[in-house]
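Structural characterization, general
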Amino acid sequence: MSDVLLVAGVAPQPGILATAVQRLRETGARVHLVGAVDPDELAEDLQLDGLCALPVDIAKDTPTRVAARQVPGERVWSRIRREPWAREQARTADVLVALDAHAIYTVWRFAQRNRSADARYGIQAAVQALTERKDRPTSGPLQRLTNGIPSTTTVKQSVNRLINAAPRVAVNAVTARPIMRSKAGTQLWLTAVKAPKVPDSLRTKVAHQVAKGMAWADRPDGEALILKATASKLRKPTARARMLGEAASRELKAGMPPRDLAGAVNALLKVADQRHRADENGAAADLLNRAMTLAFDRVLHIDQLTSPLAEDPEGFIAPFRRSLAATTVASPRGRRQPAAPPPTDRPLRLLIATSANDNFLKLIRSYYDAHPRVEVRFVDLAANAALKSVTWASKPMLEHRLSADSTPYGEKAEERLRPYLDWADTVFVDWCVAPAALFTMVDPGTTRVIVRLHSYEALSRWPYMVDFSRIDDLVFVANHIRDLTTTLVPYLKGPDGPRMHVLDNAMDLRGFQIDKPADARFQLGMVGISQVAKDPRWAIEVLRLLRERDDRYRMLLVGGDMNPDVSVSSREYLEAFNRDVRELEANGAVRRLGATDDVPKMLSDIGVIISSSVREGCHCGLMEGAASGAVPVVRDWPFFAGRPNSARTLYPQGWVIGSPQEAVERILETTGTEESWRAAGREASTYALREWDWSVVQHHFDRLLLDDPRS
């Protein structure tokens, strides 16, 4: 005779329970029941061999903080596990049966302790297990638990039945942390979401619920695995592509480069092309936007010490060059009229535009505000409600670019930009991001359009949404940024591309000339440590090596810490950096000064200025430090090292070094005596003022803005 233990997470209906017990007893089994049961509601003729009745609200009851954080299935287990009778029955039972979804987790936990028992969901499955045991009495249980999880057959019979009946409740019961954190638990759900003959809608619904369970259990890798497995079984290409994209997105959200980014991007681009050919440009725009957002996520390019765009830029963007939808968006529409030359009978009307970031515009604005030949207007698109709503609207932008005719978005952009374009002779757009894309959504008429690209933009999706045929002049802050951008956007080199210029950032470096005290000779400094790309850990390694030779050297860190909430990658880097400097801060070798509005004052105590970045446009903080008379030590930025243009071509010979060990040697050599240190600092300051001070750079801007570009 077999023993059956029924587990109830919620009170079963009396009639249904009576029928279930009768069916089990007809097989010759002894039947025991534990869980949420109201004894007064049980049928009088219910023939149970044992009963442990618990409160009917055990799945909802949250008497402790721990229970409040649990899903219902865990609460049921927490209550039942405290009953000795229940534990004893579970150890000797031949079949363990979950009567409802909330009881599944308890059955799973009992089955881990009783490996010889069959673990089933539902009475029909339990009767089948008993029948099979009678047919094969000498073979032992047909369905043993593997690592505490039912076999594939059990999954098909129990889990698929469960998810068809109640997906959300099922996940609450079966995605408890211990299950989702185990390899076997992941395998259970992989089997479930890949089960045959499941409709796409149900399979997708279950996958999303299971992914939530994985996220709750801190298993982002499991999330992606479940979603990818689900995608492999979806019949519709669009649904499959979206699911692959979602899998990659979950990994990025967790700070991990996706294992199959290329597969997700290619799938999304393929269906975007199909929708574009069918003239379904709204759907095509959505799919293309998903592909771009994935491919240019900051986790891949901003919050890492390297990027696929550094390792193989052409290979990385090749899928977009092959995509009909992506190339349609990037294709030039041109302008009906060429830009007019600067006026000679009145001041030039200059519109300066940006969106929430005017950090590099202050000197330019103040200079041209006072210039007799220029009338300036400034617009911050983020501060203007009418413009803000159309500036960062990437999907409507893409739909407009994909459509042969005008779209409601295009008409709205035209209506809101036209007054600015009609007033301005020249528009100067800072940052080649959404505002640049917006201004090229409409024909500029005879207004000249100038866009400045710093460095971040080259790692983003925005250059692929800009119509460069409507830009007259594209300004870069350094040659190596120009090289990377023209590699990624080859249209720029074409006959219809904009004129390209390299102009240094506007910096008032004369204000940084400072008399430094003698003990600044042993003070290393960094200005700006708020991004992973600054890689301050590299500079800390330099300091450690230096102090092994001479413990008088210290380091000042100027600027706020990186924001741990930006991404998981940033948080993990910040945690590692904090571990690196903990001991050095304790003995005074490192001091963090935080953000400041008086950088020149901070630089007065810094005798050696370090650029430890993996990439930069021009690194203003380093240039300001050099202007102050600090000795520059520049890492050969790995992102650009070895290329025709890099840190080695931007800065004088001797400033740039290839390793922490070389940095140590340069520092010891230049700071060996106070005389040698001051001489090296004067040389650096003279160079910085001669090359990068606004008194020099302003003439380059005058030529760009005021001279006739046709001459």
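Now for a description of the structure that goes with this document. (Residues numbered from 1 in each chain as written. Predicted model: local features only at pLDDT ≥ 70, side-chain atom pairs only at ≥ 80, totals over all residues. Heavy atoms only, no water.)

**Details of the overall build of the protein chain**
When helices and strands are tallied, the protein chain shows 33 helices and 17 strands. For the protein chain, whose C-alpha radius of gyration is 34 Å, the value lies well above the compact-globule estimate of 27 Å for 711 residues. Principal-axis analysis of the C-alpha atoms places the extent of the protein chain at approximately 105 × 70 × 40 Å. Expressed as a percentage of the 711 residues in the protein chain, the buried residues total 57%. Considering only intrachain contacts with a sequence separation of at least 6, the fraction spanning at least 24 residues in the protein chain is 72%. Summed over all atoms, the accessible surface of the protein chain reaches about 30000 Å², with 48% contributed by carbon and sulfur. Of the charged side chains in the protein chain, 96 are positive and 87 negative, and the gap between their average positions amounts to 6 Å. (Helix = DSSP H or I, 4+ residues; strand = E, 2+ residues; numbered from the N terminus. Rg over C-alpha atoms; globule rule 2.2 N^0.38 Å. Buried < 20%, exposed > 50% of the residue type's maximum accessible area, 1.4 Å probe, protein only. Contact = heavy atoms within 4.5 Å. Areas by Shrake-Rupley, 256 points an atom, 1.4 Å probe, with all protein chains shown as cover. Lys, Arg positive; Asp, Glu negative; His and termini not counted. Charge placed at Lys NZ, Arg CZ, Asp CG, Glu CD.)

**A closer look at the packing of aromatic side chains**
By the definition in use, this model includes 19 aromatic pairs. Centroid distance Tyr 367 to Tyr 368: 4.7 Å. Interplanar angle 80°. Geometry classified as edge-to-face. Where Phe 522 meets Tyr 553, the ring centres are 5.2 Å apart and the plane angle is 70°; that geometry is what we call edge-to-face. Of the two residues, Phe 522 is situated in the loop between strand 11 (499-502) and strand 12 (523-529) and Tyr 553 in the loop between helix 26 (536-549) and strand 13 (554-561); the sequence distance between them amounts to 31 residues. (Phe/Tyr/Trp six-rings, centres within 6.5 Å; stacked < 30°, edge-to-face > 60°.)

**Details of the pattern of salt bridges**
Close approach of charged atoms lets side chains of opposite charge pair. Applying the stated criterion across every chain yields a total of 38 salt bridges. Across the pair Arg 592 and Glu 585 runs a salt bridge whose closest N-O atoms are separated by 3.0 Å. Residue Arg 592 is classed as partly exposed on the basis of its relative accessible area, which comes to 27%. With a shortest N-O distance of 3.6 Å, Glu 691 and Arg 690 are connected by a salt bridge. Shared partners join several salt bridges into a network, and the residues in it are Arg 242, Asp 286, Arg 290 and Lys 395. (Salt bridge = Lys/Arg side-chain N within 4 Å of Asp/Glu carboxyl O.)

**Remarks on the nonpolar core**
Counting residues in hydrophobic clusters, the biggest one holds 128 residues, and the most contacted among them are Leu 288, Phe 320, Phe 439, Tyr 651 and Trp 655. Excluding residues within four positions of it along the chain, Phe 439 makes contact with Leu 351, Ala 353, Leu 381, Leu 417, Leu 421, Val 427 and Val 429. Membership of the second largest hydrophobic core comes to 34 residues, among which are Trp 538, Ala 539, Leu 584 and Trp 677. (Core = buried A, V, L, I, M, F, W, Y, C linked by side-chain atoms within 4.5 Å.)

**A word on helix 3 (residues 72-80)**
Most of helix 3 is tucked away, with eight of its nine residues classed as buried. Turning to helix 3, its buried residues number three or more, namely Pro 72, Gly 73, Glu 74, Arg 75, Val 76, Trp 77, Ser 78 and Ile 80.

**Side note on the sheet that holds strand 3 (residues 50-54)**
One key point about sheets: their strands pair by backbone hydrogen bonds, in either a parallel or an antiparallel sense. Taken together, five strands build an open sheet; the order of strands is 3-2-1-4-5 and the sheet is parallel. With partners counted over all chains shown, the strands left at the sheet margins are strand 3 and strand 5 (118-121), one partner each. Taken over all neighbouring pairs, the strand axes of this sheet differ in orientation by 15° on average, direction set aside. As paired strands, strand 1 (residues 3-8) and strand 4 (residues 95-98) are joined by four bridges and run parallel to one another. Bridging from a neighbouring strand, Val 4 pairs with Val 95 of strand 4. (Pairing = 2+ DSSP bridges. Axes fitted to C-alpha atoms, helices over the stretch in contact; angles between N-to-C directions.)

**Notes on the pairing of strand 15 (residues 608-611)**
Burial along strand 15 is two-sided: the residues Val 608 and Ile 610 and Ile 609 and Ser 611 are all buried. The pairing of strand 12 with strand 15 spans two bridges and is classified as parallel. When the bridges of strand 15 are listed, Gly 525 appears paired with Ile 609. The pairing of strand 15 with strand 16 (residues 631-635) spans four bridges and is classified as parallel.

**A closer look at the side chain of Thr 447**
Following the sequence through the fold, Thr 447 ends up in the loop between helix 24 (434-439) and strand 9 (448-453). In terms of polar contacts, Thr 447 uses its side chain to reach the backbone carbonyl oxygen of Ala 424, at 3.1 Å. Once residues lying within four places of it in the same chain are set aside, the contact partners of Thr 447 are Arg 335, Ala 339, Leu 421, Ala 424, Asp 425, Thr 426, Val 427 and Asp 472. (Polar contact = N/O pair within 3.5 Å; in protein donor to acceptor, adjacent residues only side chain to side chain.)

**A look at the side chain of Ser 323**
Positionally, Ser 323 belongs in the loop between helix 18 (313-322) and helix 19 (324-330). Apart from residues no more than four positions distant in its own chain, Ser 323 is found in contact with Leu 269 and Asp 273.

**Here we look at the sheet that holds strand 10 (residues 473-476)**
Strand order in the open sheet made by the six strands is 7-6-8-9-10-11, with parallel pairing throughout. For this open sheet the edge positions go to strand 7 (374-380) and strand 11, each flanked by a neighbour on one side alone. Averaged over neighbouring strand pairs, the angle between their axes works out to 20° when direction is ignored. Pairing of strand 6 (residues 348-354) with strand 7, which is carried by seven bridges, proceeds in the parallel orientation.

**A word on the state of the cysteines**
Under the counting rule described, the total for this entry stands at zero disulfides. With no disulfide of its own, Cys 618 has Cys 620 as its nearest cysteine by sulfur position, at a separation of 3.9 Å. (Disulfide = S-S within 2.5 Å.)

**Section: the environment of Arg 290**
Here Arg 290 lies in helix 15 (residues 281-295). Once the C-alpha coordinates of Arg 290 and Lys 395 are considered, the two residues, 105 residues apart in sequence, prove to be 9.2 Å apart.

**Focus on unusual backbone geometry**
We note that Trp 431 has phi near 80°; this positive angle belongs to a residue other than glycine. Relative to the helices and strands, Trp 431 is located in the loop between strand 8 (426-430) and helix 24. Within the chain, His 619 stands out as a residue other than glycine whose phi angle is a positive 60°. One can find His 619 in the loop between strand 15 and helix 29 (620-627).

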